[in-house]
Amino acid sequence: MLEERIGHIKTKLGRLGELRPGVLSEQLNVCSRPGCRCKANPPQKHGPYHQLSWTRKRKSRTRFIKESELRTVRTQVTNYQRLQELVDEWVDASIELCDIKRQLEREK
Ligand SMILES: [Zn+2]
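Worth saying up front: this structure is predicted, and the values here are computed from it rather than measured.

(A) Local environment of the coordination of the zinc ion. Donor atoms from the polypeptide that bind the zinc ion are Cys 31 (SG), Cys 36 (SG), Cys 38 (SG) and His 46 (NE2), placed at 1.9 to 2.3 Å. Given four donor atoms and angles of 102 to 115° at the metal, the environment of the zinc ion is assigned as tetrahedral. Considered as a linear motif, the donors of the zinc ion on their single chain read C-x4-C-x1-C-x7-H. His 46 shares its class with Cys 38; the two are buried.

(B) How the structure looks around the packing of aromatic side chains. In total, this model carries zero aromatic pairs according to the counting rule given. Against the face of Trp 54 rests Arg 20, its NZ or CZ located 5.8 Å from the ring centre.

Reading guide: rules and limits
- Residue numbering note: each chain is counted from 1, following its sequence as written.
- Per-residue local features of the predicted model are confined to residues with pLDDT of at least 70, and side-chain atom pairs are confined, for both listing and counting, to 80 or more; whole-chain, interface and lining totals are unaffected and use all residues.
- Only heavy atoms go into the side-chain values, all of them from the structure, while hydrogens and water stay out.
- Donor atoms are limited to N, O and S found within 2.8 Å of the metal ion, a distance that becomes 3.2 Å for Na, K and Ca. With water left out, some sites might look partial.
- Site shape is set this way: if four donors have all angles between 85 and 135 degrees, tetrahedral; if opposite donors are over 155 degrees apart and all others between 65 and 115, square planar for four donors and octahedral for six; otherwise irregular.
- Note on classification: 1.4 Å probe, protein chains only; a residue is buried when its accessible area is under 20% of the maximum for its type, exposed when over 50%, partly exposed between these limits.
- Aromatic pairing here means that ring centres of Phe, Tyr or Trp (its six-membered ring) are within 6.5 Å. Orientation follows from the plane angle: under 30 degrees is stacked, over 60 is edge-to-face, and everything else is tilted.
- For a Lys NZ or an Arg CZ to count as sitting over a ring, it must be within 6 Å of the ring centre and within 35 degrees of the ring normal.

Structural data, given as structure tokens:
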């Protein structure tokens, strides 16, 4: 049963598409143009601008994401989260399986 569960996890991992670690966020900006609507009362700020922030090999980065790229990047980010979840499930199942095998080995 555990082997079967691990098999399913591996299948799902194999089907994952493009991956991108990170967090998507939105921000509104104020520009430097005098009298711009972003300085009105109430202010109508520019945006929203989307950005992706991620850390890889201890380096943090942020990149602006165009509206047209947003859907693709969202999918990539979700895939990466799914990867983490699946790896976690695999590790948990594997620990369980190794324990069972060790126990059986000892009972011999
Ligand atoms: Zn402005």
